[in-house]
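Observations on the three-dimensional arrangement
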Amino acid sequence: MDTAPAQLLTQLVAGIAAGSVRVVDLTVPLEPGTPIINLPAPLANSQPFALEVISRYDDQGPAWYWNNITCGEHTGTHFDAPIHWLSGRDHPGNATHDIPVQRFIGPACVLDVTAAVQANPDFLLTRAMVEEWEAHHGRIPAGAWVLVRTDWSKRQGAADYLNVQADGPHTPGFDPQCVRFLAHDRDILGVGVETVGTDAGQAGTFEPMFPCHTFMHGANRFGLAQLTNLDRLPPTGAVVIAPPLKIVNGSGSPLRVLALVPA
Ligand code: 23J
Ligand code: MN
């Protein structure tokens with residue numbers, strides 16, 4: 001590609017304007033009903049999203065509307081920074097404010113496991129399945145976001161989405177050896193999922209526990225949770241843009257995740 005950098009950007013914005021590059025929103029709405037993870041006692045939990053009106057064209061502010069917002073960092077569609085996990089706490093540049101910003105943008109590899117998840121909500125992606133995907137689509141490139149399409153985001157309502165049973169939540173995720181492989185043997189930015197967290201619902205019982213968080217953040221990689229519209233992405237060819245809020249020493253943040261897709 002010998003296109004001059006300035007022309008690349010001109011072509012990109014022209015493509016977006018003309019619709020030959022589609023912009024797909026991978027973000028769920030952020031509202032009080034947005035599902036959040038619920039860890040068992042005695043573990044502490046985060047607050048759900050809330051809006052508190054400061055003024056709305058009224059005595060508190062006659063010509064303006066604005067709100068205070070509250071929520072945990074890991075609410076709705078959100079970014080997991082390496083500092084989120086014990087295994088990632090000593091990496092330099094591991095928090096939301098000091099991750100190099102070019103690491104928020106990368107090509108998307110989309111692995112579709114919807115059929116397997118339909119049959120088994122506890123489905124775990126394996127290394128063999130990733131290698132099978134690579135046999136069809138090529139090796140996962142350096143700097144890629146690895147997105148797992150499960151269609152889990154199509155579940156309506158928090159109860160069905162969180163799918164908590166007597167023995168805890170049942171949602172799909174990664175086999176431990178799979179995330180170890182992705183974190184150590186592929187130079188990825190991180191992984192993205194449609195579920196409430198990047199680990200499977202039952203991952204608290206795995207060895208190691210929460211292997212996706214453990215291996216990804218241990219390798220200074222990121223997580224994206226509660227994505228939607230992954231069914232609108234091709235297996236390869238899309239670009240994902242996922243910059244978290246610049247919270248100083250933040251472990252993550254809600255964010256808007258966009259994909260650029262060749263039409
Ligand atoms: C804290 C503890 C366990 C988990 C999580 C957070 C998340 O999924 C998260 O949002 O990072 S599994
Ligand atoms: Mn998180």
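These remarks concern the structure in this document. This one's a predicted model, so the numbers in the text were calculated from it and none came from an experiment. (Residues numbered from 1 in each chain as written. Chains lettered and ligands numbered in written order. Predicted model: local features only at pLDDT ≥ 70, side-chain atom pairs only at ≥ 80, totals over all residues. Heavy atoms only, no water.)

Focus on the sheet that holds strand E4 (residues 78-80)
The test is simple: Two strands pair if DSSP finds at least two bridges between them. Only DSSP runs of H or I covering at least 4 residues are called helices, and only runs of E covering at least 2 are called strands; the numbering of each starts at the N terminus. To get an axis, a line is fitted to the C-alpha atoms, and for a helix only the part in contact is used. The angle between two axes follows their N-to-C directions and goes from 0 to 180 degrees.
A sheet is described by the order of its strands in space; here nine strands give the open sequence E1-E15-E13-E5-E7-E11-E12-E4-E14, paired in mixed fashion. Either end of the sheet is taken by a strand with one partner, and the two such strands are strand E1 (21-25) and strand E14 (252-254). Within this sheet the neighbouring strands show an average axis-to-axis angle of 25 degrees, counted without direction.

Topic: the site of ligand 1
Note the cut-off: For each residue, the test is whether any non-hydrogen atom lies within 4 Å of the molecule or strand; if one does, the residue is near. Contacts described as polar in this section are N or O atom pairs within 3.5 Å, which, within protein, must combine one atom able to donate a hydrogen with one able to accept it, while residues neighboring in sequence count only if both atoms come from side chains. Method remark: on a 1 Å grid restricted to protein atoms, a set of points is classed as a cavity if a 1.4 Å probe fits but cannot get out and as a pocket if it is open with protein on both sides within 12 Å along at least five of seven lines; lining residues have an atom within 4 Å of a point. Molecules are considered to sit inside a cavity or pocket once more than half of their atoms lie within 2 Å of its grid points. Just so you know the grouping, Ala, Val, Leu, Ile, Met, Phe, Trp, Tyr, Cys and Pro go in nonpolar, Asp, Glu, Lys and Arg go in charged, and all remaining residues, Gly too, go in polar.
Residues in contact with ligand 1, as listed here, are Ile37, Leu39, His74, His78, Asp80, His84, Trp85, Gly197, Phe210 and His213. The contact in question runs from an oxygen atom of ligand 1 to an N or O atom on the side chain of Asp80, over 3.3 Å. For ligand 1, an oxygen atom lies 2.6 Å from a polar atom in the side chain of His84. Using a 2 Å cut-off from the grid points, one finds that ligand 1 occupies the largest pocket. Among the residues making up the shell around ligand 1, the classes are represented as four nonpolar, five polar and one charged.

Comments concerning the coordination of the manganese ion (ligand 2)
The line we're drawing: Distances define the donors: N, O and S atoms within 2.8 Å of the metal qualify, as do those within 3.2 Å of Na, K or Ca. Water is excluded, so some sites may look unfinished. Each residue gets one of three labels from its accessible area relative to the maximum for its type: buried under 20%, exposed over 50%, partly exposed in between, using a 1.4 Å probe on protein chains only.
Around the manganese ion (ligand 2), the donor atoms from the protein are His74 (ND1), His78 (NE2) and Asp80 (OD), and they sit 2.0 to 2.2 Å away. Look at where the donors of the manganese ion (ligand 2) fall in the sequence and you get H-x3-H-x1-D. Overall, the relative accessible area of 3% leaves His78 in the buried class.

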